[in-house]
Amino acid sequence: MTEQPLWVNEAWQKVNEKVERTSKRIGANFPHASENGQYVLAEPYWWTAGFWPGLLWQLYRESKNEELKMIAVECEEKLDAVQHDYYRLDHDMGFMWTLTSVAHYKLLGDENSKRRALLAANLLMGRFNVNGNYIRAWNPWTVGEDNSGVAIIDCMMNLPLLYWASEETGDPRFKGVAKRHAEMVLNHFVRSDGAVHHIVRFDPDSGERIEALGGQGYSPDSAWSRGNAWAIYGLTLSYHYTGETKYLECAKRVAHFFVSHLPEDYVPHWDFLLPADVDSPRDSSAGAIAACGLLLLADKVNVTEAPIYQRAGERILESLYKNYGDWEGTEEGLVLEGTSHFPEQKFMKNPLIYGDYYFVEGLARLKGYKELFW
Ligand code: GLY
């Protein structure tokens, strides 16, 4: 393992202690956001279903704690019912099965997990719109809604499931689709200054771009910090799997925008481009996600550039640990002050399971565990 600052070991120990405690209450369920100190449990088809088992796998990798492993496996098994419920499945199959089945397969070689992950990759690939070169994000949220033309930046983190499937099977179809979606993101989502749109809508028949939408950001042309974080990490992963420098260059551009808009404590507000009269709580989850992307980016660039990204990733994680944790109290969440959905006023200033997951993934990376679940 590489040498690490003292706070990393201290944080790792506190995370292990807290998760061993909270796992006894949460068990094989799907926590989403913590309210009044306790995680609210979501249905297994919600996009966040992979993060709790993924977090347990991150800890299991070192501790070999069998109880955590059993919970992660049980969560994965519960997702089988979701995999056969066509109407429930959207593009977030990547998040869901990467952090359950792919993680399980990579750590322990479980063949059933591999089969589940390949099935998820096939279903995800089936959402590709060949006219517009995008993976369709969602199914209708309400009866009659037509969102067949909608792509969102978050999907960059679903692509690794496709890259992995091509590597496992030797079949280039999965990677081909992932690359075409990633290329579309370069053309339609990332702006010249490195800010990123959340949603872009296409005509699903002609494939022509219609418009950008604000989505979970303040407006179409603001900069939702979690969307920017998905882009940093997702683009770097596309570079990791393809070796194509256009993804690396674009990841750097988004990273510079992100880091240069951070406040003093290195933890982003929920949107970077807000009018002065709009409330601007932090989104700690965006910080945790970006930190993981920045640390991977540091490993991909030359030795002169690497410290820029490495240091930024470390500073974010250190601030999350020192300024956004509740390590002695009864709060179940690891990282306070996430913002799930500001425009809908949902879960603001709450711990979020994905913030917790990426915080732990980032710490694991700083400890030297560099094999990616993604
Ligand atoms: N993928 C949904 C979100 O980031 O909130």
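Here the residue numbering is sequential within each chain, running from 1 through the sequence in written order. Note on the predicted model: pLDDT of at least 70 is required for a residue's local features to be given, and 80 or more for side-chain atom pairs to be given and counted; whole-chain, interface and lining totals, by contrast, use all residues. Based on all heavy atoms of the structure, the side-chain values leave hydrogens and waters out of the count.

1. Comments concerning the site of the ligand
How we decide: Note on terminology: near, applied to a residue and a molecule or strand, indicates that one of the residue's heavy atoms is within 4 Å of it. Any N or O atom pair separated by 3.5 Å or less is treated as a polar contact, with the protein-specific requirement of one donor-capable and one acceptor-capable atom, and with residues adjacent in sequence counted only for side-chain atom pairs. Under the convention used here, a 1.4 Å probe and the Shrake-Rupley method define accessible areas, while residue burial counts only the protein chains that appear. Under the grouping applied here, Gly and all other residues not named as nonpolar or charged are polar, the nonpolar ones being Ala, Val, Leu, Ile, Met, Phe, Trp, Tyr, Cys and Pro and the charged ones Asp, Glu, Lys and Arg.
The local shell around the ligand consists of Trp-47, Asp-154, Gln-216, Trp-224, Arg-226 and Trp-230. Contact between the ligand and Gln-216: an oxygen atom at 2.9 Å from a side-chain N or O atom of the residue. Take Trp-230: an N or O atom from its side chain is 3.0 Å from an oxygen atom of the ligand. Here the ligand loses 92% of its free accessible area of 190 Å² to cover by the protein chains. In terms of residue class, the shell around the ligand is made up of three nonpolar, one polar and two charged.

2. Let's talk about the nonpolar core
Threshold: The definition of a nonpolar core used throughout is a set of buried Ala, Val, Leu, Ile, Met, Phe, Trp, Tyr and Cys residues joined through side-chain atoms within 4.5 Å. Relative accessibility under 20% of the residue-type maximum defines a buried residue, over 50% an exposed one, and the middle range a partly exposed one, all with a 1.4 Å probe and only protein chains included. Secondary structure follows DSSP: runs of H or I at least 4 residues long count as helices, runs of E at least 2 residues long count as strands, and numbering of each begins at the N terminus. We call two residues contacting when some pair of their heavy atoms lies within 4.5 Å.
If you look at the biggest cluster of nonpolar residues, it comprises 130 residues, and the most contacted ones within it are Leu-162, Leu-235, Tyr-358 and Phe-359. If you tally residues by element for this core, the top one is helix 10 (residues 284-300), at ten residues. Apart from residues lying up to four places away in sequence, Tyr-358 is in contact with Phe-51, Phe-95, Met-157, Trp-230, Tyr-233, Ala-288, Ile-289, Cys-292 and Trp-374. Within the second largest apolar cluster, five residues are counted, among which are Trp-138, Val-150, Ile-152 and Ile-199.

3. Concerning the side chain of Gln-58
Inspection of the secondary structure assignment puts Gln-58 in helix 2 (residues 51-63). Under the relative-accessibility criterion, Gln-58 is labelled buried at 2%. Excluding residues that lie within four positions of it along the chain, Gln-58 makes contacts with Trp-12, Tyr-357, Val-360, Glu-361, Ala-364 and Phe-373.

4. A closer look at the pairing of strand 2 (residues 38-41)
This is how it is decided: A pair of strands counts as paired when DSSP detects no fewer than two bridges linking them.
Two strands pair when backbone bridges link them, and strand 1 (residues 31-35) and strand 2 are joined in this way by three bridges, in the antiparallel orientation. Across the sheet, Pro-31 pairs through a bridge with Leu-41, a residue of strand 2. The hairpin formed by strand 1 and strand 2 contains two residues between the paired strands, and Asn-36 there has a positive phi angle of roughly 50 degrees.

5. Here we look at a nonpolar patch on the surface
Selection rule: The patches reported here contain residues having more than 30% relative accessible area and no salt bridge. Joining distances are 9 Å for like charges and 5 Å for nonpolar side chains (Val, Leu, Ile, Met, Phe, Trp, Tyr). Think of a salt bridge as a Lys or Arg side-chain nitrogen and an Asp or Glu carboxyl oxygen that are within 4 Å of each other.
Taken together, the side chains of Tyr-45, Trp-46 and Trp-141 define a hydrophobic patch exposed on the protein surface, amounting to about 310 Å² of accessible area. Here Trp-46 shows up in the loop between strand 2 and helix 2.

6. Regarding the packing of helix 2 against helix 4 (residues 93-108)
What counts is decided by this rule: Each axis is a line fitted through C-alpha atoms, and for a helix only the stretch in contact is used; angles between axes span 0 to 180 degrees, taken between their N-to-C directions. Working rule for angles: under 35 degrees goes down as roughly parallel, over 145 as roughly antiparallel, 65 to 115 as roughly perpendicular, anything else as oblique. Here is the rule for handedness: rotate from the far helix to the near one, and if that takes an anticlockwise turn smaller than a right angle the crossing is left-handed, while a clockwise turn gives right-handed.
Relative orientation of the contacting elements helix 2 and helix 4 amounts to 25 degrees, with a least axis distance of 8 Å. The orientation of helix 2 with respect to helix 4, classified from their angle, is roughly parallel. Helix 4 is crossed by helix 2, and the crossing has left-handed handedness. Contact residues: helix 2 offers Phe-51, Pro-53, Gly-54, Trp-57, Tyr-60 and Arg-61, while helix 4 offers Phe-95, Leu-99, Thr-100, Ala-103, His-104, Leu-107 and Leu-108. Looking at the contact of helix 2 with helix 4 residue by residue, the class counts come to nine nonpolar, three polar and one charged.

7. Here we look at unusual backbone geometry
Its identity is not glycine, yet Asn-133 carries a phi of approximately 60 degrees, on the positive side. By the element assignment, Asn-133 lies in the loop between strand 3 (128-129) and strand 4 (134-135). One non-glycine residue, Glu-337, lies in positive phi territory at about 65 degrees. On the secondary structure map, Glu-337 appears in the loop between helix 11 (306-323) and strand 8 (338-341).

8. Here we look at the environment of Glu-168
The topology assignment puts Glu-168 in helix 6 (residues 159-169). With a relative accessible area of 30%, Glu-168 lands in the partly exposed category. With sequence-adjacent residues up to four places away left out, Glu-168 is seen in contact with Tyr-105 and Lys-114.

9. Structural notes on the side chain of Thr-98
Checked against the element boundaries, Thr-98 lands in helix 4. In contact with Thr-98, not counting residues within four places along its chain, are Met-93, Ala-103, Leu-161, Phe-373 and Trp-374.

10. Description of the pattern of salt bridges
For the structure on display, the rule yields 23 salt bridges. Close ionic contact of Glu-332 with Arg-25 constitutes a salt bridge, the shortest N to O distance being 2.6 Å. One end of the pair, Glu-332, is in the loop between helix 11 and strand 8; the other, Arg-25, is in helix 1 (residues 6-26), and 307 residues separate them in sequence. In this structure, Glu-344 engages Lys-346 in a salt bridge whose closest nitrogen and oxygen atoms are separated by 2.6 Å. Among the residues examined, Glu-344 registers a relative accessible area of 45% and is labelled partly exposed. Note on Lys-346: relative accessible area 42%, which makes it partly exposed.

Remember that the coordinates give geometry; whether it matters functionally is a separate question.
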